[in-house]
Amino acid sequence: MTGRIRHCSADNIYTLSPTCPVCGQPTAVAHPARFSPEDKYGKYRRLAQHD
């Protein structure tokens, strides 16, 4: 266990487990990516987000 809160998109619940205790699907980290002013690929991620 890493101690970071994780989110199951199927059941919309938060847990510390890498798998959802309700449905058994893998969970994703609920925190956003770390910000860096020297982000080389930020422009491309923002363009892909609007598609």
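Residues numbered from 1 in each chain as written. Predicted model: local features only at pLDDT ≥ 70, side-chain atom pairs only at ≥ 80, totals over all residues. Heavy atoms only, no water.

Participant: Before we move on, could you go through a nonpolar patch on the surface and cite the residues and values that matter?
Facilitator: Residues Ile5, Tyr14 and Leu16 make up a contiguous nonpolar surface patch of roughly 300 Å² in combined accessible area. The topology assignment puts isoleucine 5 in the segment before β1 (6–8). For isoleucine 5, a relative accessible area of 41% puts it in the partly exposed group. (Patch = residues over 30% accessible without salt bridge, like charges linked within 9 Å, V, L, I, M, F, W, Y side chains within 5 Å. Areas by Shrake-Rupley, 256 points an atom, 1.4 Å probe, with all protein chains shown as cover. Salt bridge = Lys/Arg side-chain N within 4 Å of Asp/Glu carboxyl O. Helix = DSSP H or I, 4+ residues; strand = E, 2+ residues; numbered from the N terminus. Buried < 20%, exposed > 50% of the residue type's maximum accessible area, 1.4 Å probe, protein only.)

Participant: With reference to specific residues and values, describe the pattern of salt bridges.
Facilitator: Going through the model one piece at a time under the given rule, you end up with 1 salt bridge. The partner of aspartate 39 in a salt bridge is arginine 45, and the shortest N-O contact between them spans 2.1 Å.

Participant: How would you explain the environment of arginine 6 if you had to name every residue and give the values?
Facilitator: Checked against the element boundaries, arginine 6 lands in strand β1. The exposure class of arginine 6 is buried, given its relative accessible area of 17%. Each C-alpha atom, one on arginine 6 and one on cysteine 20, is 9.0 Å from the other, the two residues being 14 residues apart in sequence. Setting aside its immediate chain neighbours within four residues, arginine 6 contacts Ile13, Tyr14, Thr15, Leu16, Ser17, Pro18, Thr27, Ala28, Val29 and Ala30. Engagement of the side chain of arginine 6 in a polar contact is seen with the backbone oxygen of threonine 27, the distance being 2.8 Å. (Contact = heavy atoms within 4.5 Å. Polar contact = N/O pair within 3.5 Å; in protein donor to acceptor, adjacent residues only side chain to side chain.)

Geometric descriptors of this kind do not, in isolation, establish any biological role.
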